Amino acid sequence: MAAPARSRSRGEGAQVRATDIDESLLERYAGTANVRVARLDVFDRPAIRALVRDAAATLDVLFNCAGIVHNGSTLDASDDDLDLALRLNVRAQLWTIQSALPGMLAAASGSIINMASIASSIKGLPNRCVYGISKAAVIGLTKAVAADYVKQGIRCNALCPGTVDTPSLGERIRAYDDPVAARRRLRRAPADGPARAGRGDRADGGLPGERRVEVRDRAGVLRRRRG
Ligand SMILES: NC(=O)c1ccc[n+]([C@@H]2O[C@H](COP(=O)([O-])OP(=O)(O)OC[C@H]3O[C@@H](n4cnc5c(N)ncnc54)[C@H](O)[C@@H]3O)[C@@H](O)[C@H]2O)c1
């Protein structure tokens, strides 16, 4: 999910600093103008601070995208999974924001974008207990930052996508008893993010076993049901 954002920013002339804990993912940017890469473990707070310090005199945009998706119901949720999800999906975002904010406040300008999910406080999805808790917290964090600093020129927003076909989705599909059927089902049910779902119920891409939802357009007209 980070790659398209980096491409878009690069296309708009931004100087992009792309980071990931997995250096192999960064190799694709070798020799790309406007993009500098750095391995970063977002559990390493001093490393985050050092990278933000080094990135630019002013960081215009911070995009928090690193995350993990846990599969599992409420009864499956273990303390270890919850700790990991909260540390990676939530606390790491707080840490990068705390590192970037002083520079943004000094410039009275900045945009912070946090990756949340439709599976969050927006919508409960089956087998996404730990994940949904963590992404609901991301929305809470986003609102807190916006409330604290919007009057000082800082915008903070969250992205809440439905299902997007990424390598990590492939891993989750492979966890199903019948991965082929799971992927076929997913293809028939394209992701409905907030923009398509409009007012009312918002829909996810609909992995197998996930419940049917009603999708209404902005006028409240029922457009379709799917599972
Ligand atoms: N794919 C979807 O359907 C979907 C839907 C909604 C939201 N999201 C969110 O989008 C974001 C990206 O997900 P994705 O689907 O591209 O999955 P992904 O697994 O491809 O991306 C997650 C990235 O986080 C990196 N990462 C993990 N631990 C890290 C650490 N300690 N430090 C730095 N980087 C670390 C991984 O190396 C990986 O590149 C996540 O926050 C995810 O929750 C995904």
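From a predicted model like this one, the values you see are computed outputs, not experimental measurements. (Residues numbered from 1 in each chain as written. Predicted model: local features only at pLDDT ≥ 70, side-chain atom pairs only at ≥ 80, totals over all residues.)

Draft legend 1. Spotlight on the site of the ligand. The local shell around the ligand holds 23 residues, among which Met 1, Ala 66, Gly 67, Thr 166 and Ser 168 are the closest. For the shell around the ligand, the element with the most residues is helix α6 (residues 167-174), which contributes 3 residues. Residues that form the shell around the ligand fall into these classes: 15 nonpolar, 5 polar and 3 charged. Residues lining the shell around the ligand come from more than one domain, with at least three contributed by each of domain 1 (40-160) and domain 2 (165-227). (Near = placed C-beta within 6 Å. Helix = DSSP H or I, 4+ residues; strand = E, 2+ residues; numbered from the N terminus. Nonpolar A, V, L, I, M, F, W, Y, C, P; charged D, E, K, R; others polar. Domains from an automatic or database assignment.)

Draft legend 2. The sheet that holds strand β3 (residues 61-64), seen in detail. Spatial ordering of the open sheet is given by β3-β4-β5, a layout of 3 strands whose pairing is parallel. Each having just a single partner strand, β3 and β5 (154-159) make up the two edges of the open sheet. Here the average twist between neighbouring strands, direction ignored, is 15°. Here strand β4 (residues 110-115) pairs with β5 via 6 bridges, running parallel. In the sheet register, Met 115 faces β5, and the bridge partner there is Leu 159. The strands touched by helix α4 (residues 79-107) within the sheet are β3, β4 and β5, with β3 carrying the most contacts at an inclination of about 170°. This element, helix α5 (residues 129-149), spans β4 and β5 of the sheet and lies at about 165° to β5. (Pairing = 2+ DSSP bridges. Axes fitted to C-alpha atoms, helices over the stretch in contact; angles between N-to-C directions. Contact = placed C-beta atoms within 7 Å.)

Draft legend 3. View of the environment of Ala 47. By the element assignment, Ala 47 lies in helix α3 (residues 45-55). Apart from residues lying up to four places away in sequence, Ala 47 is in contact with Leu 40 and Asp 41.

Draft legend 4. View of the nonpolar core. Within the largest apolar cluster, 34 residues are counted, with the highest numbers of intra-cluster contacts made by Val 42, Ile 97, Ala 100, Ile 112 and Val 138. Looking at this core, the elements that each hand over two or more residues are α3, α4, β4, α5 and β5. Setting aside residues up to four positions removed in sequence, Ile 112 forms contacts with Leu 62, Ile 97, Val 145, Ile 154, Arg 155 and Cys 156. (Core = buried A, V, L, I, M, F, W, Y, C linked by C-beta atoms within 7 Å. Buried ≥ 20, exposed ≤ 12 C-beta atoms within 10 Å, placed from the backbone.)

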